[in-house]
Amino acid sequence: STSLSIYLNAIPNNKIVNMKLAIATLLIGSAAAFAPAASFGRNSALKMAEAATETEGKAFAKLPASVKPGVVTGQALVDLLDAAKEQGYAIPGVNIVGTNSINSCMEAAAKYGGPIMVTFSKGGGQFIAGKYLNNDADQASIAGTIAGAKHVHEVAALYGVPVVLHTDHCQKAWLPWIDGLVEASAEHFEKTGSPLFSSHMLDLSEETLEENIGICKQYLEKFAPLGILIEFELGVTGGEEDGVDNTDVDSSRLYTQPEEVFYAYEQLSQVEGGAFTCAASFGNVHGVYAPGNVDLQPVILYNSQEFIKEKIGSDDDKPMRFVFHGGSGSSVDDIKYAIGAGVVKMNIDTDTQWAFWDGVRGYEAKYHDYLQGQIGGPDGDDKPNKKYYDPRMSLRAGEEAMAARLIKAAEDLNCVNVLN
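The structure displayed is predicted, hence computed values, not measured ones. (Residues numbered from 1 in each chain as written. Predicted model: local features only at pLDDT ≥ 70, side-chain atom pairs only at ≥ 80, totals over all residues. Heavy atoms only, no water.)

1. Remarks on the overall build of the chain
What counts is decided by this rule: For the purposes of this entry, the term helix denotes a DSSP run of H or I that reaches at least four residues, the term strand denotes a run of E that reaches at least two, and both are numbered from the N terminus. Think of it in three bands: residues with accessible area under 20% of the maximum for their type are buried, residues over 50% are exposed, and the middle band is partly exposed, with areas taken using a 1.4 Å probe on protein chains only. The contact rule is simple, with two residues in contact once any of their heavy atoms fall within 4.5 Å. Throughout, the Shrake-Rupley method with a 1.4 Å probe supplies accessible areas, and for residues the shown protein chains are the sole cover considered.
Within the chain, the regular secondary structure consists of 15 helices and 15 strands. Looking at the chain residue by residue over its 420 residues, the buried ones come to 54%. Partitioning the intrachain contacts of the chain with sequence separation of at least 6 by distance along the chain shows that 69% fall at a separation of at least 24. A total of about 18,200 Å² of accessible surface is found on the chain, and carbon and sulfur atoms cover 51% of it.

The following block contains the structure:
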């Protein structure tokens, strides 16, 4: 009822966020406020919320009470990103292509003691569904991305870390992919009170600034009631990744201006309950290139923060949450300098792809003589080799190598031991 909604809006967020999923919830106003279904009386609902808060407490000593092990959405996601910004670390955002790489992400996070962002690309979602399938209407990309997200929901809490479920670059022509995922999140929200996905990135940087942010604003109005955060891009990330090819882009477009960042901040702040991050370009390039071929200028992020702070009259030195694209191959000094400007997440793909392959390659090299036939090898001509060519063996080697690379990335991002 309306009166119940008004009443619950007055409750502190930390009590509402911890409300048990046993209560059928309906998001109202902002992603941080939830109201129980009409079948529950006001008093019983509030008592259950308070009891949940008192008994559960904080899952992680260094994070807000709203952040729990498993998939993090809504206000808990905002709290997590703000904690990263305040405490000076960034979360690895890793592109995945199946459950092997998904599990590597969560294994690494459990080992380095921090959050992780599992990132689905449109092509990665299609690969999960199966390359055999027709994808003319993005049906395979949608189905595969949803399937991967459901896998994460089932196992994430077992790893004991916060996991952000994110989708990567979505151009204007690919928006039907996001539409399908939002529909799935709405269905998940009706059942659980939280969305299937934590956040989505819209990469409309090829459009005019006004159209870019205008479309992002329209989508944020859809996302906010579900507790989904939007990531948007200003300027262009160079290089090529998963169907997005900016290798020949004019170099001037690789550098975002503070006025553009403020325009986006001002427009998206008008969406009630909306939460957003900005992928501002400061010379970022997808892929790994020889030293000297990439000119990063993270000072652009500092200038943008100062510009916004002055415009809105804020006491916060870092009012915008930035993200760092094209992170593979970047120097540690550039990474840490960017974190100081409010970067809360860095994308990693090229380096983890190589790490996974290198693990598989190393396995083959180590057991090469056992992998030349089903029977016969160094131990005898009649000895079976099944335990060596079992796909799980080489794939596990890839998982371990990828997890090890992510632990190194977390160290570079100051994201080690940030939970407890």
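2. Some points on the nonpolar core
Put simply, the test is: Buried residues of nine kinds, namely Ala, Val, Leu, Ile, Met, Phe, Trp, Tyr and Cys, make up a nonpolar core once their side-chain atoms join them within 4.5 Å.
Among the nonpolar cores identified, the biggest contains 101 residues, and Y89, V118, I178, L202, F232 and M320 are the most heavily contacted of them. In contact with V118, not counting residues within four places along its chain, are V94, I96, I102, C105, V152, V163, V164, L165 and H166.

3. Focus on the state of the cysteines
Just so we agree on the cut-off: Any cysteine sulfur atom paired with another within 2.5 Å is treated as part of a disulfide.
Applying the stated criterion across every chain yields a total of zero disulfides. Distance from the sulfur of C216, which forms no disulfide, to the nearest cysteine sulfur (C170) is 9.7 Å. Taking relative accessible area as the criterion, C216 reaches 0% and is therefore assigned buried.

4. Regarding the pairing of strand β11 (residues 276-280)
With five of its five residues buried, β11 lies for the most part within the structure. Residues of β11 alternate between two faces, with F276, C278 and A280 on one and T277 and A279 on the opposite face, all of them buried.

5. Considering helix α9 (residues 209-223)
As a reminder, the rule being used: The span you would expect from a helix comes to 1.5 Å times its residue count less one.
Along its 15 residues, α9 runs 20 Å from first to last C-alpha, staying within 8% of the 21 Å computed at 1.5 Å per residue. Those residues of α9 that sit buried are N212, I213, I215, C216, K217, Y219, L220 and F223. On its buried face, α9 sits against α8 (175-192), β7 (199-202), β8 (229-234), α10 (258-268) and β11.

6. Structural notes on the packing of aromatic side chains
Counted only if it meets this: The rule is short: rings of Phe, Tyr and Trp, with Trp giving its six-membered ring, pair when the centres are within 6.5 Å, and they are stacked under 30 degrees, edge-to-face over 60, tilted in between. For a ring to carry a charge above it, either NZ of a lysine or CZ of an arginine must fall within 6 Å of the ring centroid while also lying within 35 degrees of the normal to the ring plane.
One pass over the full model with this rule turns up 10 aromatic pairs. Aromatic side chains F232 and F276 sit 6.3 Å apart centroid to centroid with 55° between the ring planes, which places their arrangement in the tilted category. One end of the pair, F232, is in strand β8; the other, F276, is in strand β11, and 44 residues separate them in sequence. Assessed through its relative accessible area of 8%, F276 is described here as buried. An aromatic cluster of at least three residues, connected via ring pairs, comprises Y363, Y367, Y370 and Y388. The ring of W174 is capped by K122, whose NZ or CZ atom sits 5.1 Å from the centre of that ring.

7. So, the pattern of salt bridges
Defined as follows: Should a side-chain nitrogen of Lys or Arg be within 4 Å of a carboxyl oxygen of Asp or Glu, the pair is scored as a salt bridge.
One pass over the structure, following the stated rule, counts 14 salt bridges. The salt bridge involving R396 is made with E107; its shortest N-O contact spans 2.8 Å. Of this pair, R396 sits in helix α15 (residues 391-412) while E107 sits in helix α5 (residues 99-112), placing them 289 residues apart in sequence. Using a relative accessible area of 32% as the deciding quantity, one classes R396 as partly exposed. A relative accessible area of 12% means that E107 is categorised as buried.

8. Points about the packing of α5 against helix α7 (residues 139-155)
We count it as follows: Note on definitions: angles span 0 to 180 degrees between N-to-C directions of axes, and those axes are lines fitted to C-alpha atoms, for helices only across the stretch in contact. We call a crossing left-handed when the near helix sits turned anticlockwise from the far one by less than a right angle, and right-handed when that turn is clockwise.
Put simply, α5 and α7 touch, their axes get as near as 11 Å, and they point 40° apart. Where α5 crosses over α7, the two elements pack in a sense that is right-handed. For the pair α5 and α7, the contacting residues are T99, I102, N103 and M106 in the first and G148, H151, V152 and V155 in the second.

9. Brief notes about the packing of α7 against α8
Heads up, the rule is: For classification purposes, angles smaller than 35 degrees are called roughly parallel, those larger than 145 roughly antiparallel, those between 65 and 115 roughly perpendicular, and all remaining angles oblique. Three categories are distinguished: nonpolar for Ala, Val, Leu, Ile, Met, Phe, Trp, Tyr, Cys and Pro, charged for Asp, Glu, Lys and Arg, and polar for the others, with Gly belonging to the last.
Packing of α7 against α8 brings their axes to within 9 Å, and their N-to-C directions diverge by 40°. The orientation of α7 with respect to α8, classified from their angle, is oblique. Crossing angle aside, the handedness with which α7 passes α8 is right-handed. Every residue of α8 that contacts α7 at S141, I142, T145, I146 and H153 is listed here: P176, W177, G180, L181, A184 and H188. Among the residues forming the contact of α7 with α8, the class breakdown is six nonpolar, five polar and no charged.

10. A short note on α5
Between the first and last C-alpha of α5 there are 20 Å, a value that for 14 residues agrees with the 20 Å anticipated at 1.5 Å per step. A large share of α5 lies buried, amounting to 10 of its 14 residues. Looking at α5, one finds that the buried residues are S101, I102, N103, S104, C105, M106, E107, A108, A109 and Y112. Among the structural elements, β4 (91-96), β5 (116-120), α7, β6 (162-167) and α15 are those in contact with the buried residues of α5. Looking one or two residues past α5, G113 carries a phi angle of roughly 75°, positive in sign.

11. So, the side chain of S141
Within the fold, S141 resides in helix α7. Excluding anything up to four places from it in sequence, S141 contacts K122, G125, Q126, N135 and W177.

12. Comments concerning a negative patch on the surface
Applicable threshold: A patch consists of residues whose relative accessible area exceeds 30% and which take part in no salt bridge; residues with like charges are grouped when within 9 Å of each other, and nonpolar side chains (Val, Leu, Ile, Met, Phe, Trp, Tyr) when within 5 Å. Charge counting treats Lys and Arg as positive and Asp and Glu as negative, with His and both chain ends excluded. Charge positions are represented by NZ for Lys, CZ for Arg, CG for Asp and CD for Glu.
A grouping of D179, E183, E187 and E190 is seen on the molecular surface, where their side chains present a negatively charged patch. Along the chain, E183 falls in helix α8.

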